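# Coordinate analysis (summary)
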Amino acid sequence: MRMSQDYAPCPCTHARHQSLAQAGSLTAFGFHSSVHMSVSRLQQLKGHIFPENKITAMAAPSPLSTHVLNTAMGVPGSNMALSLYRQDPTTNTWSLLTSRTTNADGRCPGLITKEMFIAGVYRLHFETALYWESMGETCFYPYVEIVFTIIDPGQKYHVPLLLSRFSYSTYRGS
Amino acid sequence: MMSESSPLTSHVLNTADGVPAARLPLSLHRLDPRIMIWTLLSVGTTNEDGRCAGLISREAFGPGMYKLRFETGSYWESLGQNSFYPYVEVVFTISELEQRIHLPLLMSRFSYSVYRGS
């Protein structure tokens, strides 16, 4: 049978699609969209569940976030080293949970997972003197530590640091 | 009345209630750089004006790393309230024999700020 270039047979074996259909309805895999959209859609969903490209993966946001702001210069505090610790309630010793560096926006996405974020006393340690040193300045505070208590880990907590060379402030945000 | 002779002073303010933070315990420590241990220098409690006199003598306040620890959690507890911060520790560096360092703490139950004043 002669086929015009506007039409192509569906390569599947479904009897319904043995007939010709408009080429425009073919999906990327060459199957007719009305039945086989689900195939490409399944591929798409698989890509979300088992992401090969982690950048496009939809990770759950961290229940704890921070944001460093350089209030002296009116810019985010980027490339600042920080660490998060949790205190053992029985021994009162501190355990390091993660060491990170703030990004260009002064943030650390994915600071902690929901599973790791249990109730307890936490400590955020910011390397403030190193930060100012990298810009050729001194800082009155060699480091800043903010110790806070998490009673309800189901909530979201935002612990920012607004910093200059001689002052800093923090607050509990969301 | 004798003027404050300590080269290091602080002033704690309860910004939530707009009052000085009275009867707040605090302590001053210095880091021993040889063994990296904090040495307790003095303890005190803020007066009705949120201040604490006699934290350190001029002779003792040499260059080094110091820590002022404010028992903010105990303070809020004594007012029947909880607080996000069990305590506040401010670590600062003295690089030369300083005339005066004033380190106020402005705090509420869910926020605080410190600055180097005069």
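This one's a predicted model, so the numbers in the text were calculated from it and none came from an experiment.

### So, the overall build of chain A
- Assigned secondary structure in chain A consists of 2 helices and 12 strands.
- Put simply, chain A runs from its N terminus to its C terminus through helices and strands in the order β-β-α-β-β-β-β-β-β-α-β-β-β-β.
- The 174 residues of chain A split such that 36% are buried.
- Sequence-distant contacts, at least 24 apart, represent 51% of the contacts inside chain A between residues at least 6 apart.

### With respect to the sheet that holds strand 8 (residues 111-115) of chain B
- Read across the sheet, 8 strands follow the order 5(A)-4(A)-11(A)-12(A)-8(B)-7(B)-1(B)-2(B) without closing on themselves; strand pairing throughout is mixed. Here the strands that pair on one side only, and so sit at the sheet edges, are strand 5 (75-76) of chain A together with strand 2 (19-20) of chain B.
- Examined bridge by bridge, strand 7 (residues 101-107) of chain B and strand 8 of chain B share 3 bridges and lie antiparallel to one another. Residue pairing across strands places L106(B) opposite S113(B), the latter belonging to strand 8 of chain B.

### A few points about the interface of chain B and chain A
- Contact with chain B, which involves 22 residues of that partner, is made by 22 residues of chain A.
- Roughly 1,800 Å² of surface becomes buried between chain B and chain A when both sides are summed, with 62% attributable to carbon and sulfur atoms.
- Of all residues in chain B, F84(B), Y112(B) and R116(B) bury the most surface against chain A, accounting for 32% of the area lost on that side.
- At the junction of chain B and chain A, the tally comes to 0 salt bridges.
- Put simply, chain B and chain A have 6 residue pairs in polar contact (both at pLDDT 80 or more) between them.
- Every element with two or more residues in the side of chain B that touches chain A is listed here: strand 6 (88-94), strand 7 and strand 8 of chain B.
- Grouping the amino acids of the side of chain B that touches chain A by side-chain chemistry returns 16 nonpolar, 4 polar and 2 charged.
- Relative to strand 8 of chain B, strand 12 (residues 167-171) of chain A runs antiparallel, the two sharing 5 bridges. Each bridged residue has a counterpart across the sheet, and for Y171(A) the counterpart in strand 8 of chain B is S111(B).

Calculation rules
- Residues numbered from 1 in each chain as written.
- Chains lettered and ligands numbered in written order.
- Predicted model: local features only at pLDDT ≥ 70, side-chain atom pairs only at ≥ 80, totals over all residues.
- Heavy atoms only, no water.
- Helix = DSSP H or I, 4+ residues; strand = E, 2+ residues; numbered from the N terminus.
- Buried < 20%, exposed > 50% of the residue type's maximum accessible area, 1.4 Å probe, protein only.
- Contact = heavy atoms within 4.5 Å.
- Pairing = 2+ DSSP bridges.
- Buried area = accessible area lost by both parts, 1.4 Å probe.
- Salt bridge = Lys/Arg side-chain N within 4 Å of Asp/Glu carboxyl O.
- Polar contact = N/O pair within 3.5 Å; in protein donor to acceptor, adjacent residues only side chain to side chain.
- Nonpolar A, V, L, I, M, F, W, Y, C, P; charged D, E, K, R; others polar.

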